[in-house]
Amino acid sequence: MFEDLKQTIQSQFDFSPNKNQMRDIERLLFEIIRRDDIALNALIADLKSKTPLDKYYGRNKFFAIKEALIKRRFPLTAAHQKIDTKKVFSSKLRKPIADNWQIHKPFKPLKIFVEKEVRECELLDNFKRKFPAVDIEELNYYSDYLKTNKFSISQLKKPLVFIVKEKWDFIKPCPCTKNHVCCGYWILNLGFGCSFDCSYCFLQHYTNFPGLLLPGNIEDFFEQFDAFYRKLKKPIRIGTGEFCDSLALDNITGYSKKLIPYFEGKHVLFELKTKSTNIANLVDISPPSNIVISWSLNPSNIAEKEELGAASLEERLLAAKKVQDKGYRIAFHFDPIIHFEGWEKEYKELIDKLYSHLKPPFAWISLGTLRSNRELKNIVESRFTQSSIFYGELLLGEDKKLRYPEFIRRKIYESMVKYIKQHDQKTPIYLCMENKKMWGVLGENLDSTPQIEKYLLNL
Ligand code: SF4
């Protein structure tokens, strides 16, 4: 991006940065320019006018430039606290990838791969019926695909489907994150990958595989869950929406038609979490009281720009209304909440809109601000050139994840809770991946997993 940046720095600041110093300066300049829409020359002139750089030499000049850039890059945080430079993540700038696969609606596979052990499964029949012209290839094991097709990040959303026999990862506790309060959620691992493409999706960093992995042996999940359930001493919340969208492909997989009757009457709350309008199978089933259908919500401007392929906000709310009218319990996730200029007004309007469409109380509402592994930022930067959410005030937190600093997160949670409570005093609200102190904003005296489980299960 900056062809002769080093020369510009040398001539403007009378200072010759080394390779690492150059990386930091380039990164900070790039992010300020992207976010503030300012020209490089104007930014440098502004910097020089505000910072007396002439009195510094050598390394000290670099530190003074860097400090001035950090202040400009994180204006709110710098005005609130001294920024620890170790918490500023300055990775090397990479070029955007050119051959990115784009998401198309409705989903159509380019090719279907099936592991030999599940070649007779109902899921493959469903795909054959819906896509009779699409090629199918048998593999011994899905990862054989990688022997002849090297994975690169540009292959991420290639519309390939791998129907597999899942053998290990059936049920697991949600990993949450280090030093944060866990809500006790469990994951039923029904597939990996998603036909939507959200810029902030953590799966981009966790996967080394293109396309979607879908289990053809869902009956084995039920057998595994039976064994798990026999040992369970208390009710739990469990759902499938962690490594995929629970309903995005339900019109093809038909998983919900098996999952809902299977979980009916068990002492668990089973959640299907989605950003889709794929509810046709649900409205055909009489709703059991322990099934929760939930939607993740963001204001329209964020949904349109950052949640590619997903249903619009209006569509999600209309789908939720149909499901609620049918008699299902519904829930909502404001996650990730993005901090941007005007965020408070947009999120307040979003909450008002939610309550103008749907009747409370809901099974729960979760709140979580944008957070991610460091590596994800580089991936997003190369795949989503239109996105600037990672140029918000994100610093490295205790768990080494990029997060907004505590005072911004607190302000967001306090406002969200206030706006929700203006409409609804009954729905339990919880935080996702937050520390004990932050849970205090809920005013519910919740700081341990058993307390939170009780609160959310309404025991
Ligand atoms: S809907 Fe969920 S799983 Fe799918 S891309 Fe978006 S964040 Fe990822």
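Conventions adopted
- Each chain has its residues counted from 1, following the order in which its sequence is written.
- At least 70 in pLDDT is required for a residue's local features to be given in this predicted model, at least 80 for side-chain atom pairs to be given and counted, and no such filter applies to totals for whole chains, interfaces and linings, which use all residues.
- By convention in this description, side-chain values take in all heavy atoms of the structure and omit both hydrogens and water.
- Where helices and strands are cited, they refer to DSSP runs of H or I of at least four residues and of E of at least two residues respectively, numbered from the N terminus.
- Throughout, radius of gyration means the C-alpha value; the globule benchmark is 2.2 Å times the number of residues raised to the power 0.38.
- The contact definition used throughout considers only heavy atoms, calling two residues in contact when any of these lie within 4.5 Å.
- Surface exposure here means Shrake-Rupley accessible area, sampled with a 1.4 Å probe, where a residue is shielded only by the protein chains that are shown.
- Pairing between strands requires that DSSP locate at least two bridges from one strand to the other.
- Axis definition: a line fitted to C-alpha atoms, limited for helices to the stretch in contact. Angles are taken between N-to-C directions and run from 0 to 180 degrees.
- We call a residue near a molecule or strand when any one of its heavy atoms sits within 4 Å of it.
- Residue classes follow a fixed rule: Ala, Val, Leu, Ile, Met, Phe, Trp, Tyr, Cys and Pro count as nonpolar, while Asp, Glu, Lys and Arg count as charged, and any other residue, Gly among them, counts as polar.
- The rule for a salt bridge is simple: a side-chain nitrogen of Lys or Arg has to be within 4 Å of a carboxyl oxygen of Asp or Glu.
- For the exposure calls, accessible area comes from a 1.4 Å probe over protein chains only, and a residue counts as buried if that area is under 20% of its type's maximum, exposed if over 50%, partly exposed in between.
- Working definition: roughly parallel below 35 degrees, roughly antiparallel above 145 degrees, roughly perpendicular at 65 to 115 degrees, and oblique for all remaining angles.
- Should the near helix be turned anticlockwise from the far one by less than a right angle, the crossing is termed left-handed; should it be turned clockwise, right-handed.
- An automatic or database domain assignment supplies the start and end points of every domain.
- Reported buried area values correspond to the accessible surface (1.4 Å probe) lost by two parts on association, with both partners' losses combined.
- Contacts described as polar in this section are N or O atom pairs within 3.5 Å, which, within protein, must combine one atom able to donate a hydrogen with one able to accept it, while residues neighboring in sequence count only if both atoms come from side chains.
- Definition used in this section: a nonpolar core is a set of buried Ala, Val, Leu, Ile, Met, Phe, Trp, Tyr and Cys residues joined via side-chain atoms within 4.5 Å.

Counting secondary structure elements, the protein chain contains 19 helices and 17 strands. Relative to the compact-globule value of 23 Å for 459 residues, the protein chain shows a C-alpha radius of gyration of 24 Å, a close match. Look at the contacts in the protein chain between residues 6 or more apart in sequence, and 77% of them connect residues 24 or more apart. As displayed, the protein chain has an accessible area near 21,600 Å², and 50% of this comes from carbon and sulfur atoms.

Turning to the sheet that holds strand β1 (residues 111–115), a few remarks are in order. The parallel open sheet is built from four strands, whose spatial order is β2-β1-β3-β7. Unpaired on one side and paired on the other, β2 (135–139) and β7 (212–215) mark the two borders of the sheet. Neighbouring strand axes in the sheet, compared pairwise and without regard to direction, differ in orientation by 25 degrees on average. Pairing analysis gives four bridges linking strand β3 (residues 160–164) to β7, with the strands arranged parallel. Bridging across to β7, Phe162 finds its partner in Leu213.

Quick look at the sheet that holds strand β8 (residues 236–239) now. Ordered in space as β4-β5-β8-β9-β10-β12-β13-β17, the eight strands form an open sheet in which the pairing is mixed. The open sheet has two free edges, formed respectively by β4 (171–173) and β17 (429–431), since each of these has just one partner strand. Averaged over all adjacent pairs, the angle separating strand axes in this sheet is 25 degrees, with direction ignored. Examined bridge by bridge, strand β9 (residues 268–274) and strand β10 (residues 291–296) share five bridges and lie parallel to one another. Looking across to β10, one finds that Thr274 is bridged to Trp295. Sitting on the sheet, helix α9 (residues 218–231) is in contact with β4, β5 (185–188), β8 and β9, with an inclination near 50 degrees to β4. In this fold helix α19 (residues 449–457) packs onto β8, β9 and β17, with an angle of close to 75 degrees to the strand it touches most, β8.

A few words now on the site of the ligand. In the vicinity of the ligand, the contacting residues are Cys194, Phe196, Cys198, Cys201, Leu203, Cys244, Asp245 and Lys275. Here the residues of the shell around the ligand sort into six nonpolar, no polar and two charged.

Turning to the pattern of salt bridges, a few remarks are in order. A full pass over the atoms with the stated rule returns 33 salt bridges. Asp24 is the salt-bridge partner of Arg23, the closest N and O atoms lying 3.3 Å from each other. Residue class for Arg23 comes out partly exposed when judged on its relative accessible area of 32%. Assessed through its relative accessible area of 8%, Asp24 is described here as buried. Linking Asp144 and Lys147 is a salt bridge whose minimum nitrogen-to-oxygen distance equals 3.1 Å. When salt bridges with common partners are traced through the structure, they connect Arg27, Glu31, Arg73, Lys377 and Glu381 into a single cluster.

On to the packing of helix α1 (residues 5–13) against helix α3 (residues 40–50). It is the contact of α1 with α3, at a shortest axis distance of 12 Å, that shows an interaxial angle of 30 degrees. By the angle between their axes, α1 is roughly parallel relative to α3. Crossing geometry of α1 relative to α3 is assigned as right-handed. Across from Leu5, Thr8, Gln12 and Phe13 in α1, the residues of α3 making contact are Leu40, Ile44, Leu47 and Lys48. Here the contact of α1 with α3 is composed, by residue class, of five nonpolar, two polar and one charged.

With that settled, the discussion passes to the domain arrangement of the protein chain. You can read the domains of the protein chain as domain 1 (5–87) and domain 2 (168–457). For domain 1 versus domain 2, the separation of C-alpha centres amounts to 38 Å. If you look at the interface, domain 1 gives 15 residues, while domain 2 gives 18 residues. When domain 1 packs against domain 2, the two sides together hide about 1,300 Å² of surface, and 54% of this comes from carbon and sulfur. For the interface between domain 1 and domain 2, the tally reads two salt bridges. The closest approach of N and O atoms between Lys377 and Glu31, which form a salt bridge, is 2.5 Å. On inspection of domain 1 and its partner domain 2, the count reaches nine residue pairs in polar contact (both at pLDDT 80 or more). Sorting the residues of the side of domain 1 that touches domain 2 by element identifies α2 (19–36) and α5 (75–80) as the ones contributing at least two each. Ranked by residues supplied to the side of domain 1 that touches domain 2, first place goes to α2 with five residues. For the side of domain 1 that touches domain 2, the class distribution of residues is five nonpolar, three polar and seven charged.

Take the environment of Glu242 next. Along the chain, the position of Glu242 falls in the loop between β8 and α10 (250–253). Excluding residues within four positions of it along the chain, Glu242 makes contact with Cys174, Ile187, Phe202 and Leu203.

Buried together is how nonpolar side chains tend to be arranged in soluble globular proteins. One finds Ile163, Leu259, Phe263, Trp295, Phe332, Phe334 and Leu367 to be the most contacted residues of the largest nonpolar core, which totals 111 residues. At seven residues, the largest contribution of residues to this core is made by helix α17 (residues 406–421). Among all residues touching Ile163, those that are not within four sequence positions of it are Ile112, Phe113, Val114, Glu115, Val118, Cys121, Leu123, Leu124, Phe127, Leu214 and Gly216. Residues Leu5, Ile9, Leu93 and Leu395 belong to the second largest nonpolar core, which totals 30 residues.

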